[in-house]
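# A structural walkthrough
Listed here are the chains, written in short residue letters.
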Protein chains: 4
Amino acid sequence: MTTLWGGRFSTKLNEQAWALNTSLPFDRRLALQDVRGSIAWAGALQKANVLTETECEQIVDGLQAVEKEFAEKAFVFAESDEDIHTAVERRLGELIGAAAGKLHTGRSRNDQVATDFRSWMLDSLPLLEDAIKGLQSVLLALAEAHQTTLLPGYTHLQRAQPVTFAHWLLSHFWSLQRDRERLQDLRARVALCPLGCGALAGTAFPIDRAALAQSLGFDMASPNSIDGISDRDFVAEYLFCCGLCGVHLSKISENIVLFTTAEFGFIELSDAYSTGSSLMPQKKNPDLFELARGKAGTMIGLLTGFMATLKGLPSTYDKDLQEDKVPVFQATDTLLAILPVLAGALETMNVNKERMSAAIDASMLATDVADYLVRKGMPFREAHAVTGKAVRAAAEKGLSLDQLPLSEWQALGPFEADVQQVFEVLKSIEKRNAIGGTSPQSVKNQIRIAKLKIKGD
Amino acid sequence: MTTLWGGRFSTKLNEQAWALNTSLPFDRRLALQDVRGSIAWAGALQKANVLTETECEQIVDGLQAVEKEFAEKAFVFAESDEDIHTAVERRLGELIGAAAGKLHTGRSRNDQVATDFRSWMLDSLPLLEDAIKGLQSVLLALAEAHQTTLLPGYTHLQRAQPVTFAHWLLSHFWSLQRDRERLQDLRARVALCPLGCGALAGTAFPIDRAALAQSLGFDMASPNSIDGISDRDFVAEYLFCCGLCGVHLSKISENIVLFTTAEFGFIELSDAYSTGSSLMPQKKNPDLFELARGKAGTMIGLLTGFMATLKGLPSTYDKDLQEDKVPVFQATDTLLAILPVLAGALETMNVNKERMSAAIDASMLATDVADYLVRKGMPFREAHAVTGKAVRAAAEKGLSLDQLPLSEWQALGPFEADVQQVFEVLKSIEKRNAIGGTSPQSVKNQIRIAKLKIKGD
Amino acid sequence: MTTLWGGRFSTKLNEQAWALNTSLPFDRRLALQDVRGSIAWAGALQKANVLTETECEQIVDGLQAVEKEFAEKAFVFAESDEDIHTAVERRLGELIGAAAGKLHTGRSRNDQVATDFRSWMLDSLPLLEDAIKGLQSVLLALAEAHQTTLLPGYTHLQRAQPVTFAHWLLSHFWSLQRDRERLQDLRARVALCPLGCGALAGTAFPIDRAALAQSLGFDMASPNSIDGISDRDFVAEYLFCCGLCGVHLSKISENIVLFTTAEFGFIELSDAYSTGSSLMPQKKNPDLFELARGKAGTMIGLLTGFMATLKGLPSTYDKDLQEDKVPVFQATDTLLAILPVLAGALETMNVNKERMSAAIDASMLATDVADYLVRKGMPFREAHAVTGKAVRAAAEKGLSLDQLPLSEWQALGPFEADVQQVFEVLKSIEKRNAIGGTSPQSVKNQIRIAKLKIKGD
Amino acid sequence: MTTLWGGRFSTKLNEQAWALNTSLPFDRRLALQDVRGSIAWAGALQKANVLTETECEQIVDGLQAVEKEFAEKAFVFAESDEDIHTAVERRLGELIGAAAGKLHTGRSRNDQVATDFRSWMLDSLPLLEDAIKGLQSVLLALAEAHQTTLLPGYTHLQRAQPVTFAHWLLSHFWSLQRDRERLQDLRARVALCPLGCGALAGTAFPIDRAALAQSLGFDMASPNSIDGISDRDFVAEYLFCCGLCGVHLSKISENIVLFTTAEFGFIELSDAYSTGSSLMPQKKNPDLFELARGKAGTMIGLLTGFMATLKGLPSTYDKDLQEDKVPVFQATDTLLAILPVLAGALETMNVNKERMSAAIDASMLATDVADYLVRKGMPFREAHAVTGKAVRAAAEKGLSLDQLPLSEWQALGPFEADVQQVFEVLKSIEKRNAIGGTSPQSVKNQIRIAKLKIKGD
């Protein structure tokens, strides 16, 4: 027994060439999709009168036996199995004999593998979405619990303005929400069934491709057979979605790495989500967040690599396209490994509200000082300059901004004793009450909308 | 002269540091969006009673004067203009005096630049879509004209099965269609208005952000101010869409480069879309297609670079995000330069039908020979092997497959005299009549659907 | 069972977190390097009087037993083995008892893993170089055999000027030569031994790091412990070298894919290095070259991904660096799989000299026509224009350039009957006799130099 | 007047096609190199008796006049100038008449542009090296000044072990040193002169390419004309070197961004290298370091993009290669802008030694506690566990590690009163005295070696 294509060849493939060529080490992951695709194809062939009812039943029974072997991890691969398709067809032949040879009528591995891979991705998309939703839910629950927890907000990693911790947590909710929306948009571009495109020109038998597509859970049949067997946009787009999700996780992770430093001290991870050092007994490291951050880089590379592979290929199927599976499997496994771990780590972390609150120094209310002047009628640009001078004056005196004596304030601008009220942090926060602002009322509204998103609005 | 932020600083920025820091060389491209955003902001401030009606009018009049200067290319930048926002506010001050200083109340450059950039992209998306549609239309018109033009179909760049040229042309229509659909999906993620997010915590004035967003042509206000000022997903997604579109153009280009070789000879480009050699007088080169192919690589790099920039950034605004504009402008300009040129080159090329048709040798119908045996009841796998032997036998005899004598055929399998009919190319094509197949009838249907897509179905 | 660091922790690592954190699935590949590094470390500890001679012997004997287990594939990993270092130390403890606990004195996994990985790469570099040299040797042998085989030379994939096949083959020799030179330059940057850098601050015991480095085959000890444990330049540079080598192979591959088309027909691959189609019995595909071409994209992604991982990391060891091994192993395996296969495929291919020679049409000598005029005193720029007109005149008449009647030539410029001699291909080639030119004499000289390069000049 | 290649064409290039095709907007930067290359070529032609002495003089004089126009910014480009080569030849013709038409004899733009670009890079390499050296010098001077300044060393951004600030500064010295070494290695691969390779086959005139190469400052002539005109390895390698240097700068920058936070507070930037906020008057932002960090991403993209462009190209010159210049210019300008600014910012920053020193808490000496036990004979692995328990005990009691009462120590292991001495930071540092360690003596030695590297050892 050999390959599916030996007829015209006088010698076997060189051994090293075989090793380079075989896709079985990774496409075996498509086993179930391959069997199911073949069952559907047998049915379509029968409807097209290419198979008799008996032949079709024989084939379907045989394929179900193969599927069972895979499910029970009892399937034995042969050395001669070039890929998962060959393996399934070989095994089918062993089980049912000559009728197996009729299964490949009118199709090609080109349309077969594209169908298998898209099926696999249709199965994978909800897993990814659920994992993302899992992390979103943790962020949302934490946000509900921390609606009045104060956090210094940073820009350029410099203390900028106070916010609530809830608001910060929700900022990550929305980036993950976009990840889910992108995956949802992608689905329609995955759910085109290439089966029946043949090698490139379409199948020469009267297959009802629309019915076939639906029977396999696709939305419709791909509209052009050349495009059908060569389109790998869905792979690139999937890798992009994964990569950008990875970037979002790297942002959360960078923050957690910062927040767990001795210097920030805002968060302590639970022991169940921390690691230590082989040398330094005191160390408690946020390795899991560092891994999440680092793997974002790796996932960017998966996307880049595949797009570079696609670049400059001529029309239809080229073997280069075989590079499509490994990065998709790797990106999927990476995200499915990271997402629940980050969720667990966030859920179990200890939030040090006192450190967070203590880190809000008076200078973070400088914008409020300027706004105070604006409310007294001074143009903002002037108010900004006046406040800047106050900041500098305080710094030069070694005072915090709220310690600046009234006389100093008044030397700089039309300040009155009520300037002190500007330094009440919660009041500053409550003023940011427009849509999307950090005021508790705005955040409560934000939480309400976020819940609808989780419920699937 | 000063920056918008000098108050607290004792010395000016170092000159080289200024040169590194300034964004004016590229963000001046946002001038109109910046002015319009400021006009809308002034209106929102007035509705919130931060500006009087008179102040608002003054500001709006001033900004319209500034807009006019930009439109007439009469705007003069000052050396001290750090970015487009500073330039506009400075000029406004020159035109209307102190009231200009009230415009920046309650907003930050963080929300301002994000708003400007998203506005710009909302303007850019339809331009890109139109340019893509332009190329699609050329492909569609060519397909209509070439419904019976025969072309050898390739896989692995080896002759595989005959198709129509129309079918091949349409295969590229569909990849471009996906590009447009991706851009359409992206729009919803661009059309969130960050104005009113302030520096990161939201604005401290009672701005009606929903109304503000709509007045600027956005769908809604961004739901979280921290996310609002730091989200650059839309940039990455835009660069991905451009990059993948570039990859599609590289595929068309690779094919045209091949088809215009002396060896293929299927297509000759018009002189208006060809270039020559400074040394070799006979050369006629497909430079434009090579540039399109090469620029796909460059655009992959723009995407990669920006994702790498985003990776690992902490929350909210970091100056790293300033790297967002140059790649977006570059990708846009690249596609808007390539798309019409490829459209023009395809529209004016000469199609050598004879060379195309002559390149369809008999062996390309080997699948049809196997199907012939299938129709006689032989399992396909066996039929494939038998046909493979026939191919080899013909090759060894130096014959083309259709020249193999009947006796040879019959030595190999249950062939009869009618095997010769298999070699009628058009019949082979007509058999591929399922959805998406290359048969003229299928292709006619495909053209009908493609037209609906162009019309905006 | 425990990790190397459990002392300070109250609970075990969460199971999913463990799965994300463990590096054993890939760093087990460093087993031998890890054992050898530990043997050297034990020796260094003994020389520093941290271990007694007896303890050192015990440890070394134990480690040699562990090495033997690895060599015989008898080593059994435990579920609790977090990484290869833990596995080795655990097993050592099982074999020799408490003394094993002394081995990790004064070192950290930070310097240990960097040492192991650099050792591995020092072992890997000559393997890569040899594989490249293997392909160079095939190219060189082919070049020797094809010094007078004529090939149309292309620019822009348009026929340009005739060259010898040898010259073309050698052009790839030189790109591979640069790959080897880059790997040789890289070696010095790999051969710095980090052992003794400890966690980041250096070791607190009086280790002779220079001697230690040499005993492990390194050139010297790394000069700064912080840099020593965090430097991954060698990884990025290795991935770059691999990626660019991959690009070179993609260029060879693109050419072979073209040359094996029916249209070019210059080369036929042997059956031992070709594959077929599951559907189309006539197909003989250059899959191996397509895979080589496609994998260049993947390797570009490995480089990109790792550089993106490095970007923005703060000083010293961050767990993100654990992403360094998988891409290096993958790039290495890819090149070691591709290089011998391409060598074998080229060595066994059939070169169709007649097709190559026949593809040299007269217009490819247009530059020689212009040079003819130059030799008659016409400025080249004018000669180019005149020849361009001749090319156009011939094309309009449906003639090849050498069929243009003398009268036509003379209507265009100072041509005489001897213009016909211009069209002798070999003469044209012989004229290109400067260094690096395609004349047989120049090529002979090139072959001589190439041989010296292979011999290690 | 038109292009250099119009002769064979019946119509002019379409206007949009022209805009896409022209390289003048960026290759004008090669003006001086192009003129000098042409001067050298004229000399070579004369030596080969293709030009008379008079013609050669005429051409050289003309080219020197052109060079002067460029130097004085008086050169006027024409709309018809397709690229810099065309512009120079056109202008030469205007200045000296017909003889100008003889200059392009025996060369092609393919070898010409490769020569110009390599010449440009040979000029650029020392500029880059000097800029890197400038930053190294600042690091080195700071290191000399901070040999006893204490800094908490971090791993995983968690406090790990104390080091000196000098040691930390030098760690960045060495990564920059590798950047310079890589650029030095690269030089040999740039310094091959392609002039005389012609279009691809070599020149048909007896040019002394070795002498020509030397006259232009190259090491030697490229050994194969096909490789000579198509090799762009030097571009990819240059972009890699720049990208990795960018990554190093991103590491410095990430640290400075951290160190200037209120939370770390180790460093304050001078006002001349800081920026403020348009909204928040108190802000002082490390924008320049953020830009350096962000631009590392962009530079990774330049590398990636160009490698993707190269991937899959067939032999010799394809127009895709025109994408080589923009990224090289962009990477160069980026580094030449960043390097001196970072140098200036580091040179003028204020180092807060007290904050640095105060951040070294007692737990950072836990490794020293374990080493204390090792010195008392306990195996390190056990000592690590015991110390871990002490860390936990102290944490549970709310004590710092050095505050743990002796009784507690003794309950855990063989501690004596001298355990307190472990907590003297300087002593811990002094123990790390092996090569590359953080002890002042080791660092002094490191500084000595670093100075030799700067001097050019």
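Below, the structure is looked at part by part. Just so we're clear, the structure is a prediction, and the values are computed from it rather than from any experiment. (Residues numbered from 1 in each chain as written. Chains lettered and ligands numbered in written order. Predicted model: local features only at pLDDT ≥ 70, side-chain atom pairs only at ≥ 80, totals over all residues. Heavy atoms only, no water.)

## Section: the interface of chain D and chain C
Stated formally: What makes two residues a contact is simply this: any of their non-hydrogen atoms within 4.5 Å. Each of two parts loses accessible area, computed with a 1.4 Å probe, when they are put together; buried area is these two losses added. We define a salt bridge as a contact between a side-chain nitrogen of Lys or Arg and a carboxyl oxygen of Asp or Glu at a distance within 4 Å. Whenever a nitrogen or oxygen atom comes within 3.5 Å of another N or O atom, the pair is scored as a polar contact, on the condition that within protein one atom can donate a hydrogen and the other can accept it, and that pairs from neighbouring residues in sequence are kept only if both atoms are in side chains. Every helix listed is a DSSP run of H or I at least four residues long, and every strand listed is a run of E at least two residues long, numbered separately from the N terminus.
Contacts between chain D and chain C engage 106 residues on the former and 106 residues on the latter. With both sides pooled, the region where chain D packs onto chain C buries about 8600 Å², and carbon together with sulfur makes up 60% of that total. In this structure, arginine 189 of chain D engages aspartate 185 of chain C in a salt bridge whose closest nitrogen and oxygen atoms are separated by 2.9 Å. Taken together, the connections running from chain D to chain C amount to 56 residue pairs in polar contact (both at pLDDT 80 or more). Sort the elements by how many residues they give to the side of chain D that touches chain C and helix 10 (residues 233-259) of chain D lands first, with 13 residues.

## Brief notes about the relation of the copies chain D and chain C
Stated precisely, the cut-off is as follows: The least-squares superposition of copies is restricted to C-alpha atoms, and to residues with a pLDDT of at least 70 in both copies.
The two copies are related by a screw operation: chain D maps onto chain C through 180 degrees of rotation and 0.0 Å of translation along the axis, at an RMSD of 0.0 Å. In symmetry terms, the pair is related by a two-fold rotation axis. A share of 100% of interface residues in chain D that are also interface residues in chain C marks the association as one of identical surfaces.

## Side note on the interface of chain B and chain A
If you look at the interface, chain B gives 106 residues, while chain A gives 106 residues. Roughly 8600 Å² of surface becomes buried between chain B and chain A when both sides are summed, with 60% attributable to carbon and sulfur atoms. Measuring nitrogen to oxygen at the nearest pair gives 2.8 Å for the salt bridge that ties aspartate 233 of chain A to arginine 178 of chain B. Counting every contact that joins chain B to chain A gives 56 residue pairs in polar contact (both at pLDDT 80 or more). If one sorts the elements of the side of chain B that touches chain A by residue count, helix 10 (residues 233-259) of chain B sits on top with 13 residues.

## Concerning the side chain of arginine 432 of chain D
Filter applied, for reference: The cut-offs for exposure are 20% and 50% of the maximum accessible area for each residue type, with area from a 1.4 Å probe on protein chains only; residues under the lower value are buried, those over the upper are exposed, and the others partly exposed.
In this structure, arginine 432 of chain D sits in the loop between helix 17 (425-431) and helix 18 (440-455). Owing to a relative accessible area of 2%, arginine 432 of chain D belongs among the buried residues under this scheme. When residues no more than four places from it in sequence are discounted, the contact partners of arginine 432 of chain D are Ala201, Gly202, Thr203 and Ala204 of chain C together with Gln161, Thr367, Asp368, Asp371, Gly437, Thr438, Ser439 and Ser442 of chain D.

## Some points on the pairing of strand 1 (residues 150-155) of chain A
Residue and element names in this part refer to chain A. Applied cut-off: Two strands make a pair as long as DSSP finds a minimum of two bridges between them.
For strand 1, the buried fraction is high: six of the six residues fall into the buried class. Neither face of strand 1 is exposed, since Leu150, Pro152 and Tyr154 on one face and Leu151, Gly153 and Thr155 on the opposite face are all buried. Strand direction decides the pairing type here: strand 1 and strand 2 (residues 158-164), joined by six bridges, are antiparallel. Its bridge partner lying in strand 2, proline 152 is registered against proline 162. Once strand 1 ends, the chain turns through two residues before running back antiparallel as strand 2, passing histidine 156 with a positive phi of about 55 degrees.

## Some remarks on the pattern of salt bridges
Using the criterion set out here, one finds 159 salt bridges over all chains in the structure. Across the pair lysine 319 of chain C and aspartate 287 of chain A runs a salt bridge whose closest N-O atoms are separated by 2.5 Å. One end of the pair, lysine 319 of chain C, is in the loop between helix 11 (287-310) and helix 12 (325-348); the other, aspartate 287 of chain A, is in helix 11 (residues 287-310), on a second chain. This pair shows no difference in class: lysine 319 of chain C is buried, exactly as aspartate 287 of chain A is. Across the pair arginine 293 of chain D and aspartate 320 of chain B runs a salt bridge whose closest N-O atoms are separated by 2.7 Å. Residue arginine 293 of chain D is found in helix 11 (residues 287-310), and its partner aspartate 320 of chain B is found in the loop between helix 11 (287-310) and helix 12 (325-348); the two belong to separate chains. Taken individually, arginine 293 of chain D and aspartate 320 of chain B each receive the classification buried, so the pair is uniform in this respect. One salt-bridge network, in which partners are shared between bridges, spans Arg118, Arg189, Asp227, Asp231, Asp233 and Glu237 of chain A together with Arg178, Asp179, Arg182 and Asp185 of chain B.

## Side note on unusual backbone geometry
A positive phi angle, close to 60 degrees, is found at leucine 157 of chain A, a residue other than glycine. Among the structural elements, leucine 157 of chain A can be located in the loop between strand 1 and strand 2. The phi angle at asparagine 49 of chain D is positive, at roughly 65 degrees, despite the residue not being glycine. In this structure, asparagine 49 of chain D sits in the loop between helix 3 (31-47) and helix 4 (53-71). Using a relative accessible area of 68% as the deciding quantity, one classes asparagine 49 of chain D as exposed.

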